[in-house]
Every structure is written in C-alpha cells, then in structure tokens.
Amino acid sequence: NQKQYQVAHILVKDEKTAKDIIAQLNKGANFADLAKKYSIDPGSKTRGGDLGWSDGSNFVPEFTKAMQGLQKGKYTTAPVKSQFGFHI
C-alpha cells in the first residue's frame, strides 16, 4: 500500500521567478493565490496548484523526490527543476 500525498505545485519557466515566488511564500503569501497568478500548468493553475492525491508514480522523478521529502503543509525552499520548468 503506497503512501498518498495531497500535493499542489506552482510551475514556472525560470529559476529566478521560482525563487521570487518562494520569497513571497516566506513572507506569508497565499500559495493558491500565487499558483493562480504565476503557474504555467494549465491543469492545476485554476485550482490554486492543486494536483489532488498521488503516490508520486504519475509525476516526474525530481518532483516525486521533492514531494516525498517535505513535511505535511510545507513547500520547497528551493526550486525543483524538471523537464517542464521549475516547481515549488
């Protein structure tokens, strides 16, 4: 039985934008609001970055590794690079 994660992300094209978004999150900005504003993922953008529940098998390995390393309710403090861009 695989562990399931409820996961959300913000996908952007460049590392600078990703770091700017992390800086905003560190100051207390709302994750869902930032996802709606900045994310380039059409499937999750309008839902505030929500990707639903997953064991990670349907994501790229870099994303799954980062997801599994986070504590509940936390976000990555450094951008996660994949072939799609940079994830938070």
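Being a predicted model, the structure only gives us computed values, none of them experimental.

Engineer: Please give an account of the overall build of the protein that cites residues and values.
Structural biologist: Helix and strand content of the protein: three helices and five strands. In the protein, the succession of α and β elements from N to C terminus is β-β-α-α-β-α-β-β. Over its C-alpha trace the protein gives a radius of gyration of 12 Å, about what one expects of a compact globule, namely 12 Å for 88 residues. By principal-axis analysis of the C-alpha atoms, the protein measures approximately 35 × 25 × 25 Å. Counting every position in the protein, which comprises 88 residues, the buried fraction comes to 38%.

Engineer: Kindly report on the packing of helix 1 (residues 15–26) against helix 2 (residues 31–38), identifying the contributing residues and their values.
Structural biologist: The contact between helix 1 and helix 2 brings their axes to 10 Å, and the two run at 155 degrees. Taken together, the axis directions place helix 1 and helix 2 in an arrangement best described as roughly antiparallel. When you trace helix 1 past helix 2, the crossing you get is right-handed. Of helix 2, the residues touching helix 1 (which contributes Thr17, Ile21, Gln24 and Leu25) are Phe31, Leu34 and Tyr38.

Engineer: Pulling in residues and values, what's your account of the environment of tryptophan 53?
Structural biologist: With respect to the helices and strands, tryptophan 53 occurs in strand 3 (residues 50–54). With a relative accessible area of 58%, tryptophan 53 lands in the exposed category. A sequence separation of 46 residues divides tryptophan 53 from valine 7, and the C-alpha atoms of the two residues are 6.3 Å apart. Setting aside chain neighbours within four positions, we find tryptophan 53 in contact with Gln4, Tyr5 and Gln6.

Engineer: Describe the packing of aromatic side chains, naming the residues involved and giving the relevant values.
Structural biologist: Under the counting rule described, the total for this entry stands at one aromatic pair. On the numbers, 4.8 Å between centres and 65 degrees between planes, the contact of phenylalanine 59 with phenylalanine 63 is edge-to-face. With a relative accessible area of 18%, phenylalanine 59 lands in the buried category.

Engineer: Give me the lowdown on the sheet that holds strand 4 (residues 80–82), citing residues and values where you can.
Structural biologist: Strand order in the open sheet formed by three strands is 2-5-4, with antiparallel pairing between adjacent strands. Edge strands, defined here as strands with exactly one partner in the open sheet, are strand 2 (11–12) and strand 4. Inspection of the sheet shows strand 4 paired to strand 5 (residues 85–87) by three bridges, in the antiparallel sense. In the sheet register, lysine 81 faces strand 5, and the bridge partner there is phenylalanine 86.

Each value, and the rule that gives it
Residues numbered from 1 in each chain as written. Predicted model: local features only at pLDDT ≥ 70, side-chain atom pairs only at ≥ 80, totals over all residues. Heavy atoms only, no water. Helix = DSSP H or I, 4+ residues; strand = E, 2+ residues; numbered from the N terminus. Rg over C-alpha atoms; globule rule 2.2 N^0.38 Å. Buried < 20%, exposed > 50% of the residue type's maximum accessible area, 1.4 Å probe, protein only. Axes fitted to C-alpha atoms, helices over the stretch in contact; angles between N-to-C directions. Parallel < 35°, antiparallel > 145°, perpendicular 65-115°, else oblique. Left-handed = near helix turned anticlockwise from the far one by under 90°. Contact = heavy atoms within 4.5 Å. Phe/Tyr/Trp six-rings, centres within 6.5 Å; stacked < 30°, edge-to-face > 60°. Pairing = 2+ DSSP bridges.

Everything listed here is a matter of geometry and, on its own, says nothing about what the molecule does.
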